[in-house]
Amino acid sequence: QVQLVESGGGSVQAGGSLRLSCVASGSTRYGMAWFRQAPAKEREAVAAVYRSGILTRTRYRDSVQGRFTISKEYTENTLYLQMSSLRPEDSATYYCAAAGTEIGDWQRSSEYSYWGQGTQVTVSS
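Structure report, in brief. (Residues numbered from 1 in each chain as written. Predicted model: local features only at pLDDT ≥ 70, side-chain atom pairs only at ≥ 80, totals over all residues. Heavy atoms only, no water.)

Time to look at the side chain of serine 91. Relative to the assigned elements, serine 91 resides in the loop between β8 (78-83) and β9 (92-98). A relative accessible area of 19% means that serine 91 is categorised as buried. A distance of 2.9 Å separates the side chain of serine 91 from the backbone oxygen of proline 88, its partner in a polar contact. One polar contact links the side chain of serine 91 to the main-chain amide nitrogen of valine 123, over a distance of 2.8 Å. Apart from residues no more than four positions distant in its own chain, serine 91 is found in contact with Ala38, Val121, Thr122 and Val123. (Helix = DSSP H or I, 4+ residues; strand = E, 2+ residues; numbered from the N terminus. Buried < 20%, exposed > 50% of the residue type's maximum accessible area, 1.4 Å probe, protein only. Polar contact = N/O pair within 3.5 Å; in protein donor to acceptor, adjacent residues only side chain to side chain. Contact = heavy atoms within 4.5 Å.)

Our focus in this paragraph is the environment of tryptophan 115. Mapped onto the secondary structure, tryptophan 115 falls in strand β10 (residues 114-115). Taking the C-alpha atoms as reference points, tryptophan 115 and alanine 97, separated by 18 residues in sequence, lie 4.5 Å from one another. A distance of 3.3 Å separates a polar atom in the side chain of tryptophan 115 from the backbone oxygen of tyrosine 112.

Set out below in structure tokens:
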């Protein structure tokens, strides 16, 4: 069983930055990801870091590429999401997720067995 606790959300103006953290207890060796969900919208994958064979891959959704950076501190079992150049459309509840088995499609929420409680990010224009 894996427990995930996010922190770091808040309110910023457009163009600002935030850093989200997700502390994990338990094995996260298959991979972790950040998802987000805005009101009345579906949950969407933002970024992931995961094992693929002998490789470690990082992936981003197109709209955050170049603005967000996902990283994992393995000794602390903590996942980060550094968000820069934030836009109002980035406003959402951000969730940390961890996979229990090898990930096939990193953007599919069903690939992840464990979820955090979410942290709110609000970007004002």
